[in-house]
Amino acid sequence: MSEQRLSRAEVTVLSYLLGNPAPQRQVTIADATGVTQARVSQILSGTDRRGWTERRTDGWCIRQPRDVFEILVAARPPKAEAIDSWYSLDEMPRQVELALEQASAQQVSAQVCGDWAADRVAPWRIPDIVFLHTDTRLDLESVGFVPVDTDPSDATLVVTVGPIPRGLHLDPAVAAEMGGAQALVWPLAPITEVARHLLASGGPDAADAIAELEQRFLSARSALEGAA
């Protein structure tokens, strides 16, 4: 997959459309993503010319979901405002729960990403490090975590801080179709963000993990699209 030079707004709009199988009107896309309606219109004109999206009578949708999935996974991720590394001796699921509880207490938007998100919807390999995406930094020392300031490889939980548009997440209906009830326990990041983390974390089975995630997502998306 070759890296695409896409702006943050383009990645956001395409990610939203990919994650929502039903056709979406421009005003809905703008409201969900935080991208202005004028910019959404400009983006969709360009993605339509590239064959990535199409306009139907009831709104815009992705034309080739598999192609767009792979384009977004290969695209350069938005620059993070901060990346905080933490260490804890707690079991990994408990670390996720503690971090999400702290996010709720701070009124911070948070999403589970990487292997732990993938394990909820497309189990392939044993998850180790926890990746979270939040819109504000978390105070995890107050719930027993220790900041990792020297060697990032010592971290058990990594928090990427940056904007989280209201409508950008793995849709619960798609998540449930992929992984059942367990997929709804935690808020999950958009599927292509999960895949990018799998790609970045590497490992001999990263490609297989991404392929499994992609196939399950596309199958779930197709099922929901057909049922609409």
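Going by the structure above, here's the rest.
Remember, predicted model here, so these are calculated numbers, not experimental data. (Residues numbered from 1 in each chain as written. Predicted model: local features only at pLDDT ≥ 70, side-chain atom pairs only at ≥ 80, totals over all residues. Heavy atoms only, no water.)

1. Re helix α5 (residues 92-106)
Phase 1 of the analysis: Helix length check: α5, at 15 residues, gives a terminal C-alpha distance of 21 Å against a target of 21 Å (1.5 Å per residue), a fit within 8%.
Phase 2 of the analysis: Residues of α5 that are buried: M92, Q95, V96, L98, A99, L100, Q102 and A103.
Phase 3 of the analysis: Taken together, the buried residues of α5 touch β4 (110-113), α6 (114-121), β5 (130-134) and β7 (157-161).
Phase 4 of the analysis: Remark: Q107 follows α5 within two positions and exhibits a positive phi of approximately 60 degrees. (Helix = DSSP H or I, 4+ residues; strand = E, 2+ residues; numbered from the N terminus. Expected span 1.5 Å × (residues − 1). Buried < 20%, exposed > 50% of the residue type's maximum accessible area, 1.4 Å probe, protein only. Contact = heavy atoms within 4.5 Å.)

2. Remarks on the packing of helix α8 (residues 191-201) against helix α9 (residues 206-227)
Phase 1 of the analysis: In the contact formed by α8 and α9, the axes pass within 9 Å of each other and the chain directions differ by 170 degrees. Accordingly, the angle class assigned to the pair α8 and α9 is roughly antiparallel. Together, I191, V194, A195, L198 and L199 of α8 and A206, A209, I210, L213 and F217 of α9 make up the contact between the two elements. (Axes fitted to C-alpha atoms, helices over the stretch in contact; angles between N-to-C directions. Parallel < 35°, antiparallel > 145°, perpendicular 65-115°, else oblique.)

3. Considering the packing of aromatic side chains
Both the distance between ring centres and the angle between the ring planes are used here to describe each pair of aromatic rings.
Phase 1 of the analysis: A full pass over the atoms with the stated rule returns two aromatic pairs.
Phase 2 of the analysis: Stacked on the ring of W186, the Lys or Arg R120 has its end atom at 3.7 Å from the ring centre. (Phe/Tyr/Trp six-rings, centres within 6.5 Å; stacked < 30°, edge-to-face > 60°. Lys NZ or Arg CZ within 6 Å of the ring centre and 35° of its normal.)

4. Notes on the environment of L184
Phase 1 of the analysis: By the element assignment, L184 lies in the loop between α7 (172-179) and α8.
Phase 2 of the analysis: Here L184 falls in the partly exposed class, since its relative accessible area comes to 47%.
Phase 3 of the analysis: Separated by 14 residues in sequence, L184 and L170 have C-alpha atoms that sit 9.9 Å apart.
Phase 4 of the analysis: Not counting the four nearest positions on each side in its chain, L184 is found in contact with P172, A175 and A176.

These figures capture arrangement, not role.
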